[in-house]
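# Remarks on the overall topology
Each chain is listed here by its residues.
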Amino acid sequence: MPPTNQETNMKILIAGGNGLIGKKLAALLEKSGHQIVSASRSSGVDLVTGEGLEEAIQGIEAVVDVLNSPSFEDQAVLEFFQATSTNLLRVETAAGVKHHVALSVVGSDRVPDSGYLRAKVAQENLIQAAGVPFTIVRATQFFEFAPGIAQFSMVDGRCRLPAATMQPVAADDVADCLARVVSAAPRREIVELGGPEKIRLDKFVGRYLTVAGGGHEIEIDPAATYFGASIDDASLVPQGAAILGSIRYQNWLDNRRF
Ligand SMILES: NC(=O)c1ccc[n+]([C@@H]2O[C@H](COP(=O)([O-])OP(=O)(O)OC[C@H]3O[C@@H](n4cnc5c(N)ncnc54)[C@H](OP(=O)(O)O)[C@@H]3O)[C@@H](O)[C@H]2O)c1
């Protein structure tokens, strides 16, 4: 991962600061001496309506957006990322924020069947058009997402999945990457982050189910979808030079209690 070049501590707003990535990122940045403002509904900031945002942005130098939509229904998720990014970028422009960092998904522009990924592309487009200096980090699937994929793909106790290649990454590596990115100058581009190893989707979920227990069977089905979208070996894997996390999936599984 690139070294940080930040010499002074900053006041950083984390949109979604109490989520999976937000909490880990806040801890890392606080440890480095930055002052963190966490913005989420539980801290009194609703980024869909804009409630509490004008107050929260006061004195902020950089923003990291690690929000996620409470609903993954196509229209709801599109409206969520459009509203939250529009509200954030509007107040950032007025407040002179120097760096907007956002977390997106590797392959978001390669899986047009996915309403969720179309919404992430809409979010990326808003960021690139807004004029606030930015860095977009597209990450691959988090190790922590394995239960969610298993749950979605389960039919009558069998997990039906396509055998597509993926390159998942630990949430700790994602937070570490975002901490480095926000501590450096804006890159005004999209950068990709993946895990250290490629693995087939069915093996990724299968290894999680083996450790978590429950005796579920995995069925490889080329016609099965990934959250309703057709995917192939290129869909979810970084295509160019990507930043790589260091945590291996088996080590992560071995050190987790399910
Ligand atoms: N899962 C994956 O494998 C994966 C892979 C690559 C990229 N990503 C991206 O990673 C990002 C973060 O994911 P995550 O799993 O860390 O999310 P998460 O744990 O679900 O956290 C979502 C955060 O959004 C906040 N939030 C929701 N609605 C809000 C609203 N109206 N106003 C203000 N805050 C709101 C939540 O706090 P409150 O409930 O308190 O409001 C929470 O802090 C997402 O953008 C996702 O696209 C995920």
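Look above for the structure.
None of the values given here were measured: they were computed from a predicted structure. (Residues numbered from 1 in each chain as written. Predicted model: local features only at pLDDT ≥ 70, side-chain atom pairs only at ≥ 80, totals over all residues.)

## Quick look at the nonpolar core
Formed by 71 residues in total, the largest nonpolar core has its most connected members in Leu-13, Leu-25, Leu-178 and Val-205. For this core, the element with the highest residue contribution is helix 6 (residues 171-182), accounting for eight residues. Those residues in contact with Leu-178 that lie beyond four places of it in its chain are Leu-25, Val-64, Val-101, Leu-103 and Val-137. (Core = buried A, V, L, I, M, F, W, Y, C linked by C-beta atoms within 7 Å. Buried ≥ 20, exposed ≤ 12 C-beta atoms within 10 Å, placed from the backbone. Helix = DSSP H or I, 4+ residues; strand = E, 2+ residues; numbered from the N terminus. Contact = placed C-beta atoms within 7 Å.)

## Some points on the packing of helix 5 (residues 146-153) against helix 7 (residues 201-212)
Each pair of packed helices can be described by the angle between their axes along with the distance between the axes. Contact geometry of helix 5 with helix 7 gives a least axis separation of 9 Å together with a crossing angle of 100 degrees. One finds that helix 5 runs roughly perpendicular with respect to helix 7. Along the contact surface, helix 5 presents Ala-146, Pro-147, Ile-149, Ala-150 and Ser-153, while helix 7 presents Phe-204, Val-205, Tyr-208 and Leu-209. When its residues are assigned to classes, the contact of helix 5 with helix 7 shows eight nonpolar, one polar and no charged. (Axes fitted to C-alpha atoms, helices over the stretch in contact; angles between N-to-C directions. Parallel < 35°, antiparallel > 145°, perpendicular 65-115°, else oblique. Nonpolar A, V, L, I, M, F, W, Y, C, P; charged D, E, K, R; others polar.)

## Quick word on the packing of helix 3 (residues 74-95) against helix 4 (residues 115-130)
For the pair helix 3 and helix 4, the least separation of the axes is 8 Å and the interaxial angle reads 15 degrees. Of the possible angle classes, the one that applies to helix 3 and helix 4 is roughly parallel. In the packing of helix 3 onto helix 4, the handedness of the crossing is right-handed. Along its contact with helix 3, which presents Asp-74, Val-77, Leu-78, Phe-81, Gln-82, Ser-85, Thr-86, Leu-89 and Thr-93, the element helix 4 presents Gly-115, Tyr-116, Arg-118, Ala-119, Lys-120, Ala-122, Gln-123, Leu-126, Ile-127 and Ala-130. Class assignment for the residues of the contact of helix 3 with helix 4 results in 10 nonpolar, six polar and three charged. (Left-handed = near helix turned anticlockwise from the far one by under 90°.)

## A short note on the pairing of strand 2 (residues 35-39)
For strand 1 (residues 11-15) and strand 2, the ladder comprises five bridges, and the chain directions are parallel. Across the sheet, the residue bridging to Ala-15 is Ala-39, located in strand 2. (Pairing = 2+ DSSP bridges.)

## Digging into the site of the ligand
In the vicinity of the ligand there are 24 residues, among which Gly-16, Gly-19, Ser-40, Arg-41 and Ser-42 approach most closely. For the shell around the ligand, the secondary structure elements donating two or more residues are helix 1 (20-31) and strand 4 (99-105). Examining the composition of the shell around the ligand, we find that three residues originate from one element, helix 1, more than from any other. When its residues are assigned to classes, the shell around the ligand shows 13 nonpolar, eight polar and three charged. (Near = placed C-beta within 6 Å.)

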